[in-house]
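Letter by letter, the chains look like this.
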Amino acid sequence: MTTLLLKNIHTLATMDDVQRELKNASIFIRDNVIEAVGSLEEMPEQTADEVYDLSRHVVIPGLINTHHHMFQNLTRVIAQDKELFDWLVTLYPIWRNLRSEHINVSAKLAMAELILSGCTTSSDHLYIYPNDCTIEDEIRAAQEIGMRFHAARGSMSLGESSGGLPPDSVVENEADILRITRDIIETHHDASRYAMLRVVVAPCSPFTVSKDLMREAAELARSYGVHLHTHLAENVKDIDFSLEQFGQRPGDYVEDVGWVGDDVWHAHCVQLNHAEIGLFARTGTGVCHCPSSNMRLASGIAPIRHMLDEGVKVGLGVDGSASNDSGHLLNEARNAMLLQRVKDTNPGALTAREALHIATRGSASVLGRDDVGAIAPGMAADIAAYNIDTVGFAGALHDPIAALMFGQSINANQVWINGRGVVRDGHLTTVDLPVLIETHNRLSQALINGA
Ligand SMILES: Nc1nc2[nH]c(O)nc2c(=O)[nH]1
């Protein structure tokens, strides 16, 4: 057993059930679990195997990212001025040449970027499997870097010739998709508390898979008790496709194929209407909000305030790096807060604390986890600490928690995942970042050049 004591914390946002915010606080950790939170006198021991003085830090629970396409790091800033469908059609032929090494390296790069921003748990929606790519390429990446990971086994089966958006050359056979997804669940899914790896069943979107696959995927997921994830109602073209192809709005579509419930979360949901928001609230269906991508692709502004008021579970996601094109989760929370104010022309539409709540507790609930997202006894030791002696905090020390959201989106100085220090003094401890960046750039350049 090893112990870790974080003490003298300048400001601690616990995000616990009563949203406690503490000054001069301490956290005591045994192995991978938080044992105590409070003053130093309240800790079970006043010292530990490792002790950190965080008197110049604001500390929060590790942020949680509920939607990404990590392979897209290789193809950033392409199709810069296109909406979703045209953007995808530009990129599919480049992604057609992905190989196993691309998936592994880009996932590690994406995870490095997320962790440095203070994110400790991420999902990734990997939906394209050309050549020798497998989801195990990114599972390996998560294990190597030490990130808590929800591997969403995506898929595309509806090629252009069947009325779908992607070219036939990048889609898979549905029987293969279901067989491989079952194998991945059986091999890798860990349902236990503090699990570092879970599997999610995740056909890509209504315009890339058949309704049969959606139905069968839901049955498969439920037979194993794993979560379901897809894209939904991302922009107006997406709604038009649903009406033309299925004669249904997204709400009717997801009800029809069994994709509502507290084991389901949908990315984007920009264009959900009032009735559909009610459906999501009644059924416990979750939403991942991706504000930067929605701005980049001009998809619209998701009605997050309305969703929260109706009781919809809302989490946060950076989305793929080809439509964001950054994977900084703190910045995503900032954009969520600011964008909702624009939507509602209301400076109180989303507060800093609410934005932080979405990025921690909201995201945890969307992923179906009650062991991450808060700093409280019995929770996993996933913690991010930001140095407040920085230019961005100058003048904001009276409220460092608000400054994290309103101010410059900085990187974390220290990050622990499952009790393990993965960022020390601003540097990743588990990967050689300069080497990783160099390898990633070499692979990216060759992929974009069509080599
Ligand atoms: N933002 C994104 N939306 C998508 N829909 C879909 O089918 N693929 C994507 C994607 O990569 N990004």
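Residues numbered from 1 in each chain as written. Predicted model: local features only at pLDDT ≥ 70, side-chain atom pairs only at ≥ 80, totals over all residues. Heavy atoms only, no water.

A. Expanded view of the overall build of the chain. Scanning the chain for helices and strands turns up 14 helices and 17 strands. Relative to the 2.2 N^0.38 estimate, which gives 22 Å for 451 residues, the radius of gyration of the chain is 21 Å and therefore close to what a compact globule would have. Counting only C-alpha atoms and orienting by the principal axes, one finds that the chain spans roughly 65 × 45 × 40 Å. With 451 residues in all, the chain has 63% of them scored as buried. Here the analysis covers contacts within the chain between residues at least 6 apart in sequence; of these, 76% occur between residues at least 24 apart. (Helix = DSSP H or I, 4+ residues; strand = E, 2+ residues; numbered from the N terminus. Rg over C-alpha atoms; globule rule 2.2 N^0.38 Å. Buried < 20%, exposed > 50% of the residue type's maximum accessible area, 1.4 Å probe, protein only. Contact = heavy atoms within 4.5 Å.)

B. Up close: the pairing of strand S7 (residues 119–126). Burial analysis of S7 places eight of its eight residues in the buried class, the great majority of the element. Looking at chain direction, S7 and strand S8 (residues 148–155) are connected through six bridges and run parallel. Its bridge partner being in S8, Leu-126 is matched across the sheet by Arg-153. Since S7 and S8 lie parallel, the crossover through helix H3 (residues 136–145) that links them has a hand, and here it is right-handed. (Pairing = 2+ DSSP bridges. Right-handed = clockwise from strand over helix to strand, strands pointing away.)

C. Expanded view of the pattern of salt bridges. Scanning all chains against the criterion turns up 27 salt bridges. Across the pair Arg-76 and Glu-113 runs a salt bridge, and its minimum N-O distance is 2.6 Å. Here Glu-113 lies in helix H2 (residues 100–116) and Arg-76 lies in the loop between strand S6 (63–65) and helix H1 (84–95), a separation of 37 residues in the sequence. The exposure class assigned to Arg-76 is partly exposed, which follows from its relative accessible area of 25%. Taking relative accessible area as the criterion, Glu-113 reaches 22% and is therefore assigned partly exposed. Here Arg-99 ties to Asp-132 by a salt bridge, and the two come within 3.8 Å at their closest N and O atoms. On the criterion of sequence distance, the pair formed by Arg-99 in the loop between H1 and H2 and Asp-132 in the loop between S7 and H3 is long-range, its members being 33 residues apart. Residues participating in the shared-partner salt-bridge network are Lys-211, Asp-212, Arg-215 and Asp-256. (Salt bridge = Lys/Arg side-chain N within 4 Å of Asp/Glu carboxyl O.)

D. Looking closely at the packing of aromatic side chains. Per the stated rule, a full pass over the model turns up ten aromatic pairs. A ring pair is formed by Tyr-92 and Trp-95, whose centres lie 6.1 Å apart and whose planes are at 80 degrees; its orientation type is edge-to-face. Of this pair, Tyr-92 and Trp-95 both sit in helix H1, three residues apart, which is roughly one turn of that helix. Judged by its relative accessible area of 0%, Trp-95 falls in the buried class. Here the aromatic rings of Trp-95 and Tyr-127 are separated by 6.5 Å at their centres, their planes lie at 75 degrees, and the arrangement is edge-to-face. (Phe/Tyr/Trp six-rings, centres within 6.5 Å; stacked < 30°, edge-to-face > 60°.)

E. Molecular detail of the environment of Arg-215. Here Arg-215 is to be found in helix H5 (residues 211–224). In sequence terms Arg-215 and Val-254 are 39 residues apart; their C-alpha atoms lie 9.5 Å from each other.

F. Inspection of helix H4 (residues 174–188) at higher detail. Taking 1.5 Å of rise per residue, 15 residues should cover 21 Å, and H4 covers 21 Å from first to last C-alpha, within 8% of that figure. Listed in full, the buried residues belonging to H4 are Ile-177, Leu-178, Thr-181, Ile-184, Ile-185 and His-188. Relative to the axis of H4, the buried residues are bounded by an arc of 130 degrees and lie together on one face. The exposed set on the far side of H4, more than 90 degrees from its buried face, consists of Ala-175, Glu-186 and Thr-187. Contacts from the buried residues of H4 go to H3, S8, strand S9 (197–203) and H5. N-cap assignment for H4: the residue whose side-chain oxygen lies 2.9 Å from the backbone N of Ala-175 is Asn-173. (Expected span 1.5 Å × (residues − 1). Arc of directions from axis to C-beta. Polar contact = N/O pair within 3.5 Å; in protein donor to acceptor, adjacent residues only side chain to side chain.)

G. Broad picture of the site of the ligand. Lining the immediate environment of the ligand, one finds 15 residues, of which Gln-72, Tyr-127, Ser-205, Glu-234 and Asp-319 sit closest. Measuring from an oxygen atom of the ligand, one finds a side-chain N or O atom of Gln-72 at 2.9 Å. Within the contact set of the ligand, a nitrogen atom lies 2.7 Å away from a side-chain nitrogen or oxygen of Glu-234. Here the ligand, which alone exposes 300 Å², has 100% of that area covered by the protein. Here the shell around the ligand gets three residues from one element, more than from any other, and that element is H1. (Near = heavy atom within 4 Å. Areas by Shrake-Rupley, 256 points an atom, 1.4 Å probe, with all protein chains shown as cover.)

H. Representation of the side chain of Glu-332 in the model. Turning to its location among the elements, Glu-332 is positioned in helix H11 (residues 329–344). We note that Glu-332 is buried and unpaired, the nearest opposite charge coming from Arg-76 at a distance of 10 Å. Within the structure, the side chain of Glu-332 is placed 2.9 Å from the backbone nitrogen of Ser-292, a separation counted as a polar contact. (Lys, Arg positive; Asp, Glu negative; His and termini not counted.)

I. Local environment of the pairing of strand S13 (residues 313–316). By the alternation rule, side chains of S13 split into Lys-313 and Gly-315 and Val-314 and Leu-316, which are all buried. Strand direction decides the pairing type here: strand S12 (residues 286–289) and S13, joined by four bridges, are parallel. Paired with Gly-286 across the strands is Lys-313, a residue of S13.

J. Structural view of the nonpolar core. Counting 123 residues, the largest nonpolar core has Trp-95 and Tyr-386 as its most contacted members. Domain assignment of the residues forming this core places at least three in each of domain 1 (3–62 + 374–428) and domain 2 (66–367). Counting residues in hydrophobic clusters, the runner-up holds 21 residues, among them Leu-4, Ile-375, Met-379 and Ala-385. (Core = buried A, V, L, I, M, F, W, Y, C linked by side-chain atoms within 4.5 Å. Domains from an automatic or database assignment.)

K. Representation of the state of the cysteines. According to the stated counting rule, one finds zero disulfides in the structure shown. Unpaired in this structure, Cys-204 has its nearest cysteine sulfur neighbour in Cys-290, at a distance of 13 Å. Looking at the unpaired Cys-269, the closest cysteine sulfur is the one in Cys-288, lying at 8.7 Å. (Disulfide = S-S within 2.5 Å.)

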